[in-house]
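# Observations on chain architecture
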Amino acid sequence: MTTPAVDDETFGQLKDAVERFVAERLVPNEMRVEIEDEIPEEIVDEMRELGLFGLTIPPEYGGIGLNARQETQLAMIFGGTALAFRSLLATNIGIGARGLIFEGTEDQKQAYLPRLASGELISAFALTEPDTGSDPANLTTRAERDGDGYVINGTKRYITNAQRAGLFTVMARTEFDKPGADAISAFLVQRDTPGLTIGKKDRKMGQRGTTTSDVIFDNVRVPASAIIGQTPGRGFRLAMRVLDRGRIHIAALATGACKRLIAEMIAFARERRQFGKPIAEYQLIQAMIADSHTDYLAARALVEQTAALYDREGAARTEASAAKYFATEAVGRVADRAVQVHGGAGYMSEYAVERFYRDVRLMRIYEGTSQIQQLLIARQLLKGA
């Protein structure tokens, strides 16, 4: 079983601090982020001061070192506010740093992890391509050997935090005579490397304040030592290992969003009156609240069980996919009911449920669509039968 770097008493204090920060600083600034499409720099600085960029980075590199169970508890709290805030942290505490933590050399870890933990450096995970989303084993970005290094060419798409990132984990093909996983390597590429450019900020349906962009590699030269672990051909398997825990995190985030949406639903139903009484007294309204709370409880139980399994076994491939699939589909149902309970008000941007309805839609897509999770779950079960 994974031993947490933070004991329960200390973690309880951290959790209390994060709950206060979310309630007192993030929730009141949700509409500002929605309007400005940017997280205020003073809030980013406060996140750094709280150590939030290093939540899962080991203490020996300046982080806090939370295990999966502890991480999911904080992810649920961040799910209760605009998702842009968590997204800013996500790459440093998740997919942008996890590969380095798992398989980086000591020199690589010393070079980057302390700065990632402090928030001085923002990371990004560059896997998805214009024609390769759910099929990353067939990506086309190439890293060709040239002397004592590699030259990378290709385009990555929808890369979270690319606008802010100073370090990219880049998946590229290093073998060209064979298909599939063994042909892919993971590179650490710094933003100021010649030939690397960032595309314009994408315009999205929701999650305003979260930036995604293309990242273009035009004859980007890196040393062979830029490969994570300095072992070619392990990139795809590393990406899948990174996404394993990342999917548990997304499931926890969706669960936290369910809780916030239910609170908004209940508050509105108690205040809004129709035909002389609060709509909370109508059974059809009560049914939507009850269904939503049931979805929330089921998602929370699955997330907690999966996180505990991950800490115990170091992996939870099938369970992580199941948790991500169920919780993100559940929050979609809850968001839809929340808008319905609000009626016409739910379609107005001044109400939080309108924003959450748009924001949570992405959860069923990123880090593996719901349909990909279905395939992964079924394949694992059939393989083990």
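A brief report on the enclosed structure follows. Everything quoted here is computed from the prediction, not taken from an experiment.

### A few points about unusual backbone geometry
The phi torsion at aspartate 37 lies on the positive side, around 55°, for a residue other than glycine. Secondary-structure assignment places aspartate 37 in the loop between helix H2 (30–36) and helix H3 (41–49).

### With respect to the pairing of strand E5 (residues 184–190)
Counted residue by residue, E5 has 6 buried out of 7 residues, so it is predominantly covered. Across 7 bridges, the pairing between strand E4 (residues 167–173) and E5 is antiparallel. Along E5, the bridge assignment pairs valine 170 with phenylalanine 187.

### Some remarks on the pairing of strand E1 (residues 123–126)
With burial as the criterion, each face of E1 is covered, one bearing Ser123 and Phe125 and the other bearing Ala124 and Ala126. The pairing of E1 with E4 spans 4 bridges and is classified as parallel. Within E4, the residue paired with alanine 124 across the bridge is phenylalanine 168.

### Points about the pattern of salt bridges
This model, assessed by the stated rule, comprises 28 salt bridges. For the salt bridge of glutamate 38 with lysine 201, the shortest nitrogen-to-oxygen distance reads 3.9 Å. Here lysine 201 lies in the loop between strand E6 (196–198) and strand E7 (212–223) and glutamate 38 lies in the loop between H2 and H3, a separation of 163 residues in the sequence. Taking the relative accessible area as the measure of exposure, glutamate 38 reaches 31% and is therefore partly exposed. Here lysine 201 falls in the partly exposed class, since its relative accessible area comes to 31%. Note that glutamate 144 and arginine 142 form a salt bridge whose closest N and O atoms lie 3.6 Å from each other. One network of salt bridges, in which partners are shared, links Glu30, Arg260, Glu264, Arg355 and Asp359.

### Structural notes on the environment of aspartate 359
Considering the arrangement of structural elements, one finds aspartate 359 in helix H11 (residues 352–359). Here aspartate 359 falls in the buried class, since its relative accessible area comes to 2%. Taking the C-alpha atoms as reference, aspartate 359 lies 9.7 Å from glycine 332; in sequence the two are 27 residues apart. Ignoring sequence-local partners within four residues, the contact set of aspartate 359 consists of Leu83, Gly206, Gln207 and Arg208. Among the polar contacts listed, one links the side chain of aspartate 359 to the backbone nitrogen of glutamine 207, at a separation of 2.5 Å.

Definitions and limits used
Residues numbered from 1 in each chain as written. Predicted model: local features only at pLDDT ≥ 70, side-chain atom pairs only at ≥ 80, totals over all residues. Heavy atoms only, no water. Helix = DSSP H or I, 4+ residues; strand = E, 2+ residues; numbered from the N terminus. Buried < 20%, exposed > 50% of the residue type's maximum accessible area, 1.4 Å probe, protein only. Pairing = 2+ DSSP bridges. Salt bridge = Lys/Arg side-chain N within 4 Å of Asp/Glu carboxyl O. Contact = heavy atoms within 4.5 Å. Polar contact = N/O pair within 3.5 Å; in protein donor to acceptor, adjacent residues only side chain to side chain.

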